[in-house]
Amino acid sequence: MRNLITGGAGFIGSHLAERLLSRGDEVYVIDNLSTGKLENIAHLRRNPNFHFTLGSISEEHLLHPLVEKCDIVYHLAAAVGVRLIIEKPVETIETNILGTEMVLKVSNQYKKKVIIASTSEVYGKTSKVPFREDDDSVYGPTTKSRWSYACSKAIDEFLALAYFHEKKLPIVILRLFNTIGPRQTGKYGMVVPTFVQQALLNHPITVFGDGSQKRSFTYVDDVVTLTILLAEDSKAEGEVFNIGNGSEITIKELAHQVKKMTNSQSDVVLVPYDQAYERGFEDMQRRVPDISKVDKYTGFHPRTTLPESLQKIIEYHRQ
Ligand code: UDP
């Protein structure tokens, strides 16, 4: 198989590339290195089946030859991370909407299947848990910039589904819940790499709000397995899937667990949301996926436990 991964120098993209190469596939990556890094793919560049294009998915002339020669497109390029969204809202909206529009338009010309990485953010601040794929989304006002991310990804989903129904383009939408693993950066606000780096440096571990908010984390290898299983299942075309797992932990407990596992001297400190993000920032108290649909289609359950995931992430950051 020849695979195109947009955003393949990013955290999840680089793990997907690695997995596809390890089974002998050919992998083409396009990445503008806005949040991705060359060091994420440095170990892959020696493989003759790996090809890298530096550029943006909004550059149509770059996409055409890549899509034409590949059998499938994994569209992972996106502006992600709550901090990036708040600091660079224009870039977030444009990258997510215009970029996806271009990927779908070009893929449709060659009728190549597109796997779209979406996000649990599209559920917004609904308090009904667990989240099911056909649940309503609940968003805050447009004056709160964090909702632009959810809306931009929801538009991506609408557009992908529109291509599926109207143009018969095969697509699959994956709503990724909090995914963790080596190579994820804390630079854009992600909690696990942030806590691990703070703990290893003996800096204060910054828990936002009162730390009672909960998240469920899934290890990147399990996410990659599910992504490939769904990409290769023709019955999954035109469908939306939650990708995650149901076991939750509070952010405060997570901070203490990271501190313990790193033998850190750090203090765990509480930082008000207004200070951490922007005035009036709204956080989700819980974010739990209903994974019965993905389970029914793939039969695969995420296997890596949170302590195992944290151990691998700590080792990565120690190096
Ligand atoms: N968080 C935190 N300290 C940090 C970064 C994040 O307490 O330094 C919290 C954040 O407010 C949220 C949770 O950790 O409640 C998960 O944040 P992340 O940005 O990783 O993911 P998301 O909010 O998209 O679930």
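Above this text is the structure in question.
Residues numbered from 1 in each chain as written. Predicted model: local features only at pLDDT ≥ 70, side-chain atom pairs only at ≥ 80, totals over all residues. Heavy atoms only, no water.

1. Overview of the overall build of the chain
Within the chain, the regular secondary structure consists of twelve helices and 13 strands. What you see for the chain is a C-alpha radius of gyration of 19 Å, in line with the 20 Å of a compact globule of 319 residues. With respect to the principal axes defined by its C-alpha atoms, the chain has extents near 55 × 45 × 40 Å. Buried residues in the chain amount to 55% of all 319 residues. Within the structure as shown, the chain displays about 13,900 Å² of accessible surface, and the carbon and sulfur contribution to it stands at 51%. Put simply, the chain has 38 plus and 39 minus side-chain charges, and the middle of one group is 2 Å from the middle of the other. (Helix = DSSP H or I, 4+ residues; strand = E, 2+ residues; numbered from the N terminus. Rg over C-alpha atoms; globule rule 2.2 N^0.38 Å. Buried < 20%, exposed > 50% of the residue type's maximum accessible area, 1.4 Å probe, protein only. Areas by Shrake-Rupley, 256 points an atom, 1.4 Å probe, with all protein chains shown as cover. Lys, Arg positive; Asp, Glu negative; His and termini not counted. Charge placed at Lys NZ, Arg CZ, Asp CG, Glu CD.)

2. Some thoughts on the pattern of salt bridges
Scanning all chains against the criterion turns up 18 salt bridges. In this structure, Glu18 engages Arg183 in a salt bridge whose closest nitrogen and oxygen atoms are separated by 2.5 Å. Linking Glu18 in helix α1 (residues 11-22) with Arg183 in the loop between β7 (179-180) and α7 (191-200), this pair joins segments that are 165 residues apart in sequence. In this structure, Asp134 engages Arg132 in a salt bridge whose closest nitrogen and oxygen atoms are separated by 2.7 Å. Assessed through its relative accessible area of 56%, Asp134 is described here as exposed. (Salt bridge = Lys/Arg side-chain N within 4 Å of Asp/Glu carboxyl O.)

3. Brief notes about the nonpolar core
If you look at the biggest cluster of nonpolar residues, it comprises 34 residues, and the most contacted ones within it are Phe50, Tyr74 and Ile243. Looking at this core, the elements with two or more residues in it are α1, β2 (26-31), β3 (50-54), β4 (72-75), β5 (113-119), β6 (171-176), α8 (220-231) and β11 (240-243). Considering each element in turn, this core owes the most residues, seven residues, to α8. Membership of the second largest hydrophobic core comes to 23 residues, among which are Leu66, Val114, Leu169 and Ile173. (Core = buried A, V, L, I, M, F, W, Y, C linked by side-chain atoms within 4.5 Å.)

4. Looking at the site of the ligand
Taken together, 17 residues are adjacent to the ligand, and Thr206, Phe208, Arg215, Asp283 and Arg287 come closest. Interatomic distance of 2.7 Å between a backbone N/O atom of Thr206 and a nitrogen atom of the ligand. Between an oxygen atom of the ligand and a side-chain N or O atom of Tyr277, the distance comes to 3.3 Å. For the shell around the ligand, the elements supplying multiple residues, two or more each, are α7 and β8 (205-208). Among the residues making up the shell around the ligand, the classes are represented as nine nonpolar, five polar and three charged. (Near = heavy atom within 4 Å. Polar contact = N/O pair within 3.5 Å; in protein donor to acceptor, adjacent residues only side chain to side chain. Nonpolar A, V, L, I, M, F, W, Y, C, P; charged D, E, K, R; others polar.)

5. Quick look at the pairing of β4
By the alternation rule, side chains of β4 split into Ile72 and Tyr74 and Val73 and His75, which are all buried. Pairing geometry for strand β1 (residues 2-6) and β4, over four bridges, is parallel. Bridge pairing in β4 places Thr6 opposite His75. For β4 and β5, the ladder comprises four bridges, and the chain directions are parallel. Bridge pairing links Tyr74 to Ile115 in β5. (Pairing = 2+ DSSP bridges.)

6. Overview of the sheet that holds β5
In a beta sheet, neighbouring strands pair by backbone hydrogen bonds and run either parallel or antiparallel. The parallel open sheet is built from seven strands, whose spatial order is β3-β2-β1-β4-β5-β6-β11. On the outer flanks of this sheet lie β3 and β11, each paired with one strand and no other. Sheet twist, expressed as the average angle between the axes of neighbouring strands with direction ignored, equals 20°. As judged from the five bridges shared by β2 and β3, these two strands associate in the parallel manner. Bridge assignment links Val29 to a residue of β3, and that residue is Phe52. On top of the sheet, α1 reaches β1, β2, β3, β4 and β6; it is set at about 170° to β1, its chief contact. (Axes fitted to C-alpha atoms, helices over the stretch in contact; angles between N-to-C directions. Contact = heavy atoms within 4.5 Å.)

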